[in-house]
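Each chain, letter by letter, is given below.
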Amino acid sequence: MPLARSLSVTSLSGLEEWDEEFDLEDAVLFEIAWEVANKVGGIYTVIQTKARLTSEEWGENYFLVGPYVESNVRTQVELIEPTNPALRRTIDKMNSSGCKVYFGRWLIEGSPYVVLIDIAFTAWSLDSWKSELWELCSIGVPWFDREANDAVLFGFLTAWLLGEMDYLQRQLPVATIFTTHATLLGRYLCAGNVDFYNNLAEFNVDKEAGDRQIYHRYCIERAAAHCAHVFTTVSQITAIEAEHLLKRKPDIVTPNGLNVKKFSAMHEFQNLHAQSKSRIQEFVRGHFYGHLDFNLDKCLFLFIAGRYEFSNKGADIFLEALARLNYLLRVNHSDVTVIAFFIMPARTNNFNVETLKGQAVRKQLWDTAQTVKERFGKKLYESLLVGQLPDVSKMLDKEDFTIMKRAIFATQRQCQPPICTHNMLEDSSDPILNCVRRIGLFNSSADRVKIIFHPEFLSSTSPLLPMDYEEFVRGCHLGVFPSYYEPWGYTPAECTVMGIPSISTNLSGFGCFMEEHIADPTAYGIYILDRRCRGVDESCNQLTSFLFQFCKQSRRQRIIQRNRTERLSDLLDWKYLGRYYIAARHMALAKAFPDTFIYEPQDTTAGFRYPRPASVPPSPALSRHSSPHHSEAEDNEDDERYDEDLEAEKDKVNIQHLFFLSFSLVPHMM
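What counts and what doesn't
Residues numbered from 1 in each chain as written. Predicted model: local features only at pLDDT ≥ 70, side-chain atom pairs only at ≥ 80, totals over all residues. Heavy atoms only, no water. UniProt positions renumbered as here; feature names shortened; annotations may be inferred. Helix = DSSP H or I, 4+ residues; strand = E, 2+ residues; numbered from the N terminus. Buried < 20%, exposed > 50% of the residue type's maximum accessible area, 1.4 Å probe, protein only. Contact = heavy atoms within 4.5 Å. Areas by Shrake-Rupley, 256 points an atom, 1.4 Å probe, with all protein chains shown as cover. Pairing = 2+ DSSP bridges. Salt bridge = Lys/Arg side-chain N within 4 Å of Asp/Glu carboxyl O. Disulfide = S-S within 2.5 Å. Patch = residues over 30% accessible without salt bridge, like charges linked within 9 Å, V, L, I, M, F, W, Y side chains within 5 Å.

- The name given to the protein in an unreviewed UniProt entry is Glycogen [starch] synthase, with Astatotilapia calliptera as the source organism.
- Check the Pathway (unreviewed entry) section of the UniProt entry for the protein; it says "Glycan biosynthesis; glycogen biosynthesis."

Structural data, given as structure tokens:
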């Protein structure tokens, strides 16, 4: 089948132009990653969501290679016999030589073929392969580093697999691409609170890696970057990092996308937001029982989620900005209440008793209200049956009042609502809790900003907050991700495709991508914090300003903004971003086989930018001269829907303009 076909693509920068289609019936694409059918981190999401697009392009000639993990295979993979004759012979030969290699279909959208290698079964070869790595590359791997040992086993077994496919060993006629989603040394340096981006050119990389006892890992990563025909990374900011730390400039940037169809709700996403928000409100009613002295209809839900990297993920600056926001809301006598959720997994031993009690009290109050309502309804029904208007003073008897008074007494609380929903194993040294103690946000009645730390990933089976992550995100008003180190950032991307505004930074891949391809990101609900050219205090003030301006928006303005945010979904779809990977594969073929394939790079840096919305951005600070003065009538959703339809038609024309200004991505064969 053809390696690729003629495609019409957007004018997003980074795509090269090809002139003629070519045909390779025997071409096979292997995509190799530790996260194939093995959820470890964000790369799993990249591979899983991209599989459908790649399967459509390559069909039966696309194979993913990953580690065999029995618990994952049971639930994610259907084991079958290999369909490719050469691959069947290869797997049979490896299994007869003392390996355990499995073949199957990964049960995700696209149903790609997977080759899964049991590295533990071949651990007897570890010493000899480590010796070969030392002899060929002068890289020594210590015996105690289990992850590095696993990487050696997986790498050599994959080379064995590819070698058997071509009846050669090591010297393989293949075009190779190495994609890094972050650099190992970069992550370690940022975790150490260094001024990373202003000192990239100054680091002694060998010394820094050695001081952190990761020199052997760093050498493996650097060797992979230099040995591949094409080196790619996921964002411009990571490309700069890789050039300085790995000493090779990436050939092309391959941004991460999403399967937007999975999140698509068409015109229903506003209703889904309302439904999910209602479920979060129920949790809040229980969590703040006895101190529910704020209006839930004027309550905004903010959240941050991800790995618990306090500084790298920006939790530190978010907390400081919340303290400043609390001051601004109080001195301006705002009736808005902000509840900020921190969804970051940490070590716990169980749910907090006080938190569980809050949900139990809420349920008891609901049951009491239902009981009284039924008694009231029965008396009302009987009165109407005999043709009499009810005597309201007799509708509730003494027993009803006793039940209600007992329920009210049950809501009395002697302590403040808890910050953390779980019992932390390291409470006294936890960074979030220590920062909360320092800034003094303890969920008191006087505070307009409340904090809830949920140190566990969300689950629909939780007795506390029974919602999955996607449902929770839909119910929030704003995602806040002020990361210092974030090579891409799937959390703000997921917010975008679900129509939820977000705050990211110009040090994250997502933020850089949006700045590059959107003329006015803020107008679309994509707030980009400057952490590259500003100090921590300045960045914190800017974040506080973003949050305060968001709090000043009317409900109607938030609806408009969510509609605009959701319209950016196509920009993050693999349907478009997958073409960067196609370009990278074509580039690799041209470098590996220059006599067969010609690669002619084009300067596409002046790509078209996603236009500003047809109407003025909804931010109060930016729209006061052109937006009508807000009134209660503006909160009417029917009026808003009509306005949005008009705006959508104008944006539709701009979007079509964007996709017509495209390049043709077609390979050239001699």
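Considering the overall build of the protein
Part 1: Along the backbone of the protein there are 24 helices and 20 strands.
Part 2: Counting all 670 residues of the protein, 52% fall into the buried class.
Part 3: Once local pairs closer than 6 in sequence are excluded, the contacts in the protein between residues at least 24 apart make up 75%.
Part 4: As displayed, the protein has an accessible area near 30700 Å², and 53% of this comes from carbon and sulfur atoms.

Section: the sheet that holds strand β9 (residues 252-253)
Part 1: Sheet architecture is open: three strands sit in the order β7-β8-β9, paired in parallel fashion. Taken across any chain shown, the strands that pair with only one partner, and hence form the sheet edges, are β7 (177-180) and β9.
Part 2: With four bridges connecting them, β7 and strand β8 (residues 230-233) associate as parallel partners. Counterpart to Thr180 in the pairing with β8 is Thr233.

What about the environment of His454?
Part 1: Here His454 lies in strand β14 (residues 449-454).
Part 2: Expressed as a C-alpha distance, the spacing of His454 and His422, which sit 32 residues apart in the sequence, is 7.0 Å.
Part 3: Apart from the residues within four sequence positions on either side, His454 is in contact with Phe342, Ile343, Met344, Thr421, His422 and Leu464.

Things to note about the pattern of salt bridges
Part 1: Applying the stated criterion across every chain yields a total of 35 salt bridges.
Part 2: As a salt-bridge pair, Glu282 and Arg285 come within 2.4 Å of each other at their nearest N and O atoms. Of this pair, Glu282 and Arg285 both sit in helix α11 (residues 269-287), three residues apart, roughly one helical turn.
Part 3: Residue classification places Glu282 among the partly exposed positions, given a relative accessible area of 28%.
Part 4: Look at Arg285 and you get partly exposed, because its relative accessible area is 32%.
Part 5: The salt bridge involving Glu320 is made with Arg324; its shortest N-O contact spans 3.4 Å. In this pair, Glu320 and Arg324 are both assigned in helix α12 (residues 315-331), four residues apart and thus about one turn of the helix distant.
Part 6: The class for Arg324 is partly exposed, based on a relative accessible area of 23%.
Part 7: When salt bridges that share partners are traced, they join Arg375, Lys379, Asp397, Glu399 and Asp400 into one network.

Description of the state of the cysteines
Part 1: For the coordinates displayed, the defined rule picks out zero disulfides.
Part 2: Cys540 takes part in no disulfide bond, and the closest cysteine sulfur to it belongs to Cys435, at a distance of 9.5 Å.
Part 3: The class for Cys540 is buried, based on a relative accessible area of 2%.

Details of a nonpolar patch on the surface
Part 1: Residues Tyr381, Leu385 and Val386 make up a contiguous nonpolar surface patch of about 350 Å² in total accessible area.
Part 2: Relative to the helices and strands, Tyr381 is located in helix α13 (residues 353-385).

Regarding the environment of Trp366
Part 1: In this fold, Trp366 is placed in helix α13.
Part 2: Trp366 sits 41 residues away from Ala407 along the chain, and the two C-alpha atoms are 9.6 Å apart.

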